[in-house]
Number of protein chains: 2
Amino acid sequence: MYMVENIDKYELILSSSRKLIEEIGFSALTMDRVAQKAGIAKGTVYLYFKDKDELLEKVLSSGFERMFKRIQDRVAKENGGINKLKALISENIDHIYENRYFFKTIFLDEVNVVFLKKKSKESFNLRRRRYADFIGEIIKSGIDSGEFRGGLGPAKGGYMLVSLIKTCAIYNFLNDRFEPTPEMIEKDAEEILNLFLHGISVK
Amino acid sequence: MYMVENIDKYELILSSSRKLIEEIGFSALTMDRVAQKAGIAKGTVYLYFKDKDELLEKVLSSGFERMFKRIQDRVAKENGGINKLKALISENIDHIYENRYFFKTIFLDEVNVVFLKKKSKESFNLRRRRYADFIGEIIKSGIDSGEFRGGLGPAKGGYMLVSLIKTCAIYNFLNDRFEPTPEMIEKDAEEILNLFLHGISVK
DNA sequence: TTGTATTATGACTTTAAAGTCATTATAATA
DNA sequence: TATTATAATGACTTTAAAGTCATAATACAA
């Protein structure tokens with residue numbers, strides 16, 4: 001196996017893999033399908049990528065780099081923590097929705113789910129929802145009773161914010177909201193920022 | 001294939017699968033290994049579970065039911081939204097740490113990671129950390145400048161809180177904190193509650 | 001245009017794990 | 001104890017996808 005250096009074909013394979021992941025998910029992704037999607041022979045894929053693992057790694061890392069750069073550029077234009085966070089959240093959400101089918105797979109096909117077939121996936125998601133609703137009821141009664149309206153380390157805070165953004169997207173995906181208007185996206189961003197800055201308490 | 005109704009053996013297969021998942025993760029779990037772990041023949045596993053999918057589904061759902069019941073019981077003893085949430089968070093964290101190796105697999109072997117080998121997993125986790133640190137820096141400077149210290153739907157709020165708890169655990173797992181003292185667990189619970197109630201802003 | 005290097009092909013090999021089933025062992029019953 | 005029903009076995013079959021490689025096509029250089 002010699003490594004070939006045709007950047008166009010390399011990118012073709014990457015983008016074909018990406019499209020396939022959007023269409024059929026990770027678990028059904030095979031090297032045969034990748035080759036077929038790219039319109040080349042399977043052997044050719046192996047001229048550009050050592051193995052399937054390397055291909056997946058490149059798909060994920062190139063996607064991440066694009067998103068990260070975009071967010072960094074946007075944030076750099078802002079001053080002050082709140083404005084930076086606000087920009088970061090907006091940009092991140094925009095990016096997720098512009099690549100919604102990719103992120104749908106990334107976010108929803110979690111480990112548990114990936115290894116389950118359709119029916120079991122559904123019951124998995126039902127359980128997730130049951131738990132969320134249970135908490136939802138608590139929150140609701142706290143709101144009704146007028147009760148609701150950091151010592152957090154920075155890196156930990158970062159993880160927390162990322163997870164809120166991701167969770168917001170998952171929530172929308174689970175409720176089949178795939179075509180949000182700019183207003184809905186704006187509202188999501190505000191909700192997340194507000195939660196992260198002020199929590200759910202009143203006052 | 002006739003279905004056999006020996007509850008002990010059924011549970012034996014479930015617990016063996018669970019142990020295996022803790023030890024080797026989902027991706028390496030095979031029916032041969034399950035049988036070996038349980039000390040029975042592979043065919044026997046199929047007397048109790050239709051297929052691998054059903055086995056995994058039962059492992060996950062039985063784990064969830066146990067956790068959910070435990071949390072419900074604990075929360076039922078409290079009055080008021082804040083107290084209920086506080087109890088819920090504590091109980092959830094306790095449960096996660098009591099079953100830390102199981103949840104480590106569940107939480108860390110996300111879709112992307114599951115299909116990657118060791119080296120690619122590491123770079124995946126590095127990217128996750130890079131992004132978290134980037135946000136961390138923003139938060140840090142906001143704190144330095146004294147800047148930091150809802151309209152959220154209940155169900156969505158529920159998802160958000162679950163994700164904060166999960167993320168807190170992931171953060172500890174990624175930093176190899178597997179044996180937290182009761183004090184550390186208590187601190188985690190407080191941090192999450194505080195974040196969820198008041199956010200990171202000052203005042 | 002001829003020879004060499006590079007790139008591409010896809011049939012084939014290998015590997016791995018799911019799922020089956022004829023056979024055997026054990027327990028229950030008469 | 002003999003007979004039947006239930007449970008267990010593990011070698012075998014099947015399936016699927018990763019990865020290889022001898023051969024062919026194309027681009028490039030002399």
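Residues numbered from 1 in each chain as written. Chains lettered and ligands numbered in written order. Predicted model: local features only at pLDDT ≥ 70, side-chain atom pairs only at ≥ 80, totals over all residues. Heavy atoms only, no water.

Digging into the pattern of salt bridges
Residues and elements named next belong to chain B.
Part 1 of the argument: Taken as a whole and assessed by the stated rule, the structure comprises 20 salt bridges over all chains.
Part 2 of the argument: With a closest N to O distance of 2.8 Å, lysine 37 and glutamate 23 form a salt bridge. Here the residue lysine 37 occupies a position in helix α2 (residues 31–38), and glutamate 23 occupies one in helix α1 (residues 7–24), the gap between them amounting to 14 residues.
Part 3 of the argument: Given the relative accessible area of 34%, lysine 37 is considered partly exposed.
Part 4 of the argument: Where lysine 69 meets aspartate 73, a salt bridge forms, and the shortest distance between an N and an O atom there is 2.9 Å. (Salt bridge = Lys/Arg side-chain N within 4 Å of Asp/Glu carboxyl O. Helix = DSSP H or I, 4+ residues; strand = E, 2+ residues; numbered from the N terminus. Buried < 20%, exposed > 50% of the residue type's maximum accessible area, 1.4 Å probe, protein only.)

Some thoughts on the domain arrangement of chain A
Residue and element names in this part refer to chain A.
Part 1 of the argument: Each assigned domain of chain A is listed with its residue range as follows: domain 1 (1–61) and domain 2 (78–203).
Part 2 of the argument: A buried area of about 650 Å², summed over both sides, lies between domain 1 and domain 2, and 67% of it is on carbon and sulfur atoms.
Part 3 of the argument: Summed over the shared surface of domain 1 and domain 2, the number is zero salt bridges.
Part 4 of the argument: Where domain 1 packs against domain 2, one counts two residue pairs in polar contact (both at pLDDT 80 or more).
Part 5 of the argument: When residues of the side of domain 1 that touches domain 2 are traced back to their parent elements, those giving at least two are α1 (7–24) and α4 (52–76).
Part 6 of the argument: At three residues, α1 tops the list of elements feeding residues into the side of domain 1 that touches domain 2. (Domains from an automatic or database assignment. Buried area = accessible area lost by both parts, 1.4 Å probe. Polar contact = N/O pair within 3.5 Å; in protein donor to acceptor, adjacent residues only side chain to side chain.)

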